[in-house]
Amino acid sequence: MPRISGSQPGDGVQAVVFALQILEYLAQRRSTVGVTDLARVFGTTKSRIYRHLQTLMAAGYVIQEAETERYRTGGRLIALGRVVSENFELMSAARTVMEELRDRLGHAVTLSEVELAGLRVLSTVAGTQPFEIGVKPGSLLPAHATAQGKLLLAFGPDAPREKLLRKTLPANTPQTVTNPALLREELKQIKKQGWATAPNQAVVGLNALAAPILDATGALVGTVAIIDLIQFIPARPTPEQIRRIVEAGKRISANIGFRGAN
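Reference entry: report on the structure contained in this document. Along each chain, residues carry numbers from 1 onward, in the same order as the chain's sequence is written. In keeping with the predicted nature of the model, local features appear solely for residues at pLDDT of at least 70, side-chain atom pairs appear and are counted solely at 80 or more, and the whole-chain, interface and lining totals rest on all residues. Heavy atoms throughout the structure, all of them, feed into the side-chain values; hydrogens and water do not.

**As for the sheet that holds strand S8 (residues 220–229)**
Put simply, the rule reads: Only strands that DSSP links by at least two bridges are regarded as paired with each other. The numbering of helices and of strands both runs from the N terminus, where a helix is a DSSP run of H or I of at least 4 residues and a strand a run of E of at least 2. Here a residue-residue contact requires only that any non-hydrogen atoms of the pair lie within 4.5 Å. To obtain an axis, a line is fitted to C-alpha atoms, over the contacting stretch when the element is a helix, and the angle between two such axes runs from 0 to 180 degrees between their N-to-C directions.
Read across the sheet, 6 strands follow the order S5-S4-S3-S8-S7-S6 without closing on themselves; strand pairing throughout is antiparallel. With one partner strand each, in any of the chains shown, strand S5 (140–141) and strand S6 (196–197) form the two edges of the open sheet. Note: strand S7 (residues 206–214) against S8, 9 bridges, orientation antiparallel. Counted as the bridge partner of Leu 209 is Ile 226 from S8. Lying on the sheet, helix H8 (residues 239–255) is in contact with S7 and S8; it crosses S7 at an angle near 35°.

**Observations concerning the nonpolar core**
We apply this condition: Buried Ala, Val, Leu, Ile, Met, Phe, Trp, Tyr and Cys residues form a nonpolar core when they are joined through side-chain atoms within 4.5 Å. Exposed residues in this analysis have more than 50% of their type's maximum accessible area, buried residues have under 20%, and partly exposed residues fall in between, with area computed by a 1.4 Å probe over protein chains only.
In this structure, Leu 101, Val 224 and Ile 226 are the most contacted members of the largest nonpolar core, which totals 23 residues. Contributions of two or more residues to this core are made by helix H4 (75–105), strand S3 (108–115), strand S4 (118–125), S7, S8 and H8. In terms of residue count, H4 provides more of this core than any other element does, 7 residues in total.

**Some words on the packing of helix H1 (residues 13–28) against helix H3 (residues 46–58)**
Rules: Every angle not falling under 35 degrees, over 145, or within 65 to 115 is termed oblique; those three ranges are roughly parallel, roughly antiparallel and roughly perpendicular. All amino acids are sorted into three groups, where Ala, Val, Leu, Ile, Met, Phe, Trp, Tyr, Cys and Pro are nonpolar, Asp, Glu, Lys and Arg are charged, and the leftover types, Gly among them, are polar.
Where H1 meets H3, the axes come as close as 10 Å, and the angle between the chain directions of the two elements is 80°. With respect to H3, the element H1 is oriented roughly perpendicular. Seen from H1, the contacting residues are Ala 15, Phe 18, Ala 19, Ile 22, Leu 23 and Leu 26; seen from H3, they are Arg 48, Ile 49, His 52, Leu 53 and Leu 56. Taken together, the residues that form the contact of H1 with H3 break down as 9 nonpolar, 1 polar and 1 charged.

Dropping the structure here:
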């Protein structure tokens, strides 16, 4: 694990750096650690170590064992590390594929990841056109009005989909599908064909063509999509566009361990 550089422990930013140094030390240890040991390692007082540990415990990043009163990393830190690792793995697995897709078709390419709130844009590769078309990294995509979001509804768990379909769906544009019965039929077709579009449904004049990314267990973890004006990605995409995006989704899925349906 790389060391965290920074100033000596203190207030404000220095206190944050010191808290991270404590977490790093605990993460590297295979056994629990006491306050006295930590004070000796960092050359500071036990009271200062104790205050930082209490803050980290309140946030769920550190646990104190009741019997020994010694400390170890908590579940929240473990979960955070797992999420960061998965996100990094997905970006690493997708980057070359995204660039090749952009070079072959010319459109902007986006990578999105599944999270509790829905589908969020993780990274983008700009298209080759002189004008920029795309979505900002960090954007949360509307599930019913984007190609990527429809993949989440089609390939994701049943419960969130059914919950969404019981709600009143907002019309981003006049062409957004807001009828639950129509959307349900579209989702069945999307799952069957393995790709999705949403022409003029999030923004008038814009279309995206997206394919799912599956992990080693076959679960949906993200999407890869090309985005451009409707004149360049028509409502019914060209056979080459469909072939390229489906191939990109399969390649990224294979890069993170997916080996096909059992």
